[in-house]
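# Close look at the chain arrangement
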Amino acid sequence: MNKKSLFSILASGIVIFLSGCSSLSIIEPAKNLTEPENSIFFKKLPRDNKNNQGLRILADQVLGKGHKCQNSSNNPQPAPGPKYYEDKAPLSDEMASAGTMKELMKSQCGENGDMSMGYSGMREFIDAMHKEYVRASSDNKVKQKIKDADDKLVFSKVLLTYAKTYYKGDFVLRDGTKLAKPSKSIGFNQEGVFTVSTDNDALIGLTTVFLEALSEFAFPTPVTTNSTNKISYKQSYNQTSKTIASKEDPKKLLPLYELLYLKEEDKPDYLTESNLQPTVLTLKDKFFNGPPLVAEKEFGISEIELKAMRHISSNIADGSKMVLGTTLRSAGGAGLSFGAFAKLSIGDNDSLVKIVETAIEVLSRRLLEYRLYKLLYNEPFEDELRPFFGD
């Protein structure tokens, strides 16, 4: 058996179940990292919920004061992270009151990490997500907030930046995956709901983009590069005003060129197959432009740790998506009454299931990336990981 297939087995063991055909319960994906042969999985992944300023800003609005993500020291930035604007209302009222958003915040601010959501909560969440895009692009109060924040991150600004990049066909995830450009124009009606011109693929893409933006607050992770800071020189020829006689025909004058050597800085290696710049770096926050790879046993992320982090988070997320889709479809439509979505161009229940699958996949992947980064950055685990990722 391929050693990496162990993680596929772990992924397929994620518990997602229907309760009375009216709600969906999801076990925190980090709980599936329990492979007994590897001591890394005996260690509890750090939750760090009281040192996460972005998560606290969201939770303040969604849960109100007194939640468990608040830091008792009242330190506005208790740990290194992005520069956030202290926003009292980062989300729209609809999103802040959506049942699924409340469950997400509770799961991350609590100790258990599990969450459940009713089907009505999923409907609320998707409706509210649509309106967030309208709010980010056209609400004058939000525009003023972004101006007041200066170079600090405001959720609506991040969302709008990501949405514009996606619409141009240039949105790149941290693993180098480039989202396909929407095939049709994206429009909204007066209620802030996507119009019929928006197809299902675009809705799935917009769900991914929204949750990536949300994750920059809830699960912020730097981009690891492998820049060597080498300097190279590229030859270039520049035509001058001088001329020189042709050897074949001395009467014929040819332009004289000078040879130049242009200095080129080493381009960052984003350690992905595409080596495309992840869109998060366009936010221009120093935190996201993380430190380069380090040698094994050093403080930071080594190459083998990066491989492990990406493989585990992606595999578990894919497993979450697979099990969720199978579970919802096997219900035969029971409890999946999505009639409220008739005003959206989602088409049918299967299309909506794909959107929910996407939401679970993105949140699972970003959550595990966040936890694994914190664990592997601070402690060396190369020896434990080498049997799985040493190739």
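Structural notes, computed from the coordinates. (Residues numbered from 1 in each chain as written. Predicted model: local features only at pLDDT ≥ 70, side-chain atom pairs only at ≥ 80, totals over all residues. Heavy atoms only, no water.)

### Brief notes about unusual backbone geometry
Here Lys 284, not a glycine, exhibits a phi torsion of approximately 60°, which is positive. Given a relative accessible area of 73%, Lys 284 falls into the exposed group. (Buried < 20%, exposed > 50% of the residue type's maximum accessible area, 1.4 Å probe, protein only.)

### Looking at the side chain of Asp 285
With respect to the helices and strands, the residue Asp 285 is situated in the loop between β6 (253–265) and β7 (289–292). The charged side chain of Asp 285 is buried without a salt bridge, its nearest counter-charge being Lys 83 at 6.6 Å. Looking at Asp 285, its side chain comes within polar contact range of the main-chain nitrogen of Lys 83, at 2.9 Å. Excluding residues that lie within four positions of it along the chain, Asp 285 makes contacts with Pro 82, Lys 83 and Leu 153. (Helix = DSSP H or I, 4+ residues; strand = E, 2+ residues; numbered from the N terminus. Lys, Arg positive; Asp, Glu negative; His and termini not counted. Salt bridge = Lys/Arg side-chain N within 4 Å of Asp/Glu carboxyl O. Polar contact = N/O pair within 3.5 Å; in protein donor to acceptor, adjacent residues only side chain to side chain. Contact = heavy atoms within 4.5 Å.)

### Notes on helix α6 (residues 140–149)
Buried within α6 are the following residues: Val 142, Lys 145, Ile 146 and Ala 149. All buried residues of α6 fall inside an arc of 100° around its axis, so they share one side. In α6, the exposed positions that point more than 90 degrees away from the buried face belong to Asn 140 and Lys 147. Of the residues that open α6, the one with a side-chain oxygen 2.8 Å from the backbone nitrogen of Lys 141 is Asp 139. Positioned one or two residues after α6, Asp 150 has a phi angle of 60°, which is positive. (Arc of directions from axis to C-beta.)

### Things to note about the packing of aromatic side chains
As enumerated under the stated definition, the model contains nine aromatic pairs in all. Between Phe 155 and Phe 217, the ring centres sit 5.9 Å apart and the planes meet at 80°, which makes this aromatic pair edge-to-face. Placement of Phe 155 in helix α7 (residues 155–167) and of Phe 217 in helix α8 (residues 200–218) is noted, with a sequence separation of 62 residues between them. When its relative accessible area of 1% is taken as the criterion, Phe 217 is described as buried. Consider the rings of Phe 299 and Tyr 377, whose centres lie 4.9 Å apart with planes at 80°: the pair is edge-to-face. In this pair, Phe 299 sits in the loop between β7 and α9 (303–330) while Tyr 377 sits in helix α10 (residues 349–378), placing the two residues 78 residues apart along the sequence. Take Phe 299: its relative accessible area is 54%, and that puts it in the exposed class. Members of the aromatic cluster, each reached through a chain of ring pairs, are Tyr 84, Phe 125, Phe 155, Phe 210 and Phe 217. (Phe/Tyr/Trp six-rings, centres within 6.5 Å; stacked < 30°, edge-to-face > 60°.)

### A few points about the pattern of salt bridges
Two side chains carrying opposite charge are able to pair once their charged atoms lie near each other. In the structure shown here, the tally under the stated rule is 16 salt bridges. Note that Glu 212 and Arg 366 form a salt bridge whose closest N and O atoms lie 2.7 Å from each other. Taken as a pair, Glu 212 in helix α8 and Arg 366 in helix α10 lie far apart in primary sequence, 154 residues in all. When its relative accessible area of 3% is taken as the criterion, Glu 212 is described as buried. Glu 369 serves as the salt-bridge partner of Arg 366, at 3.7 Å between the closest nitrogen and oxygen.

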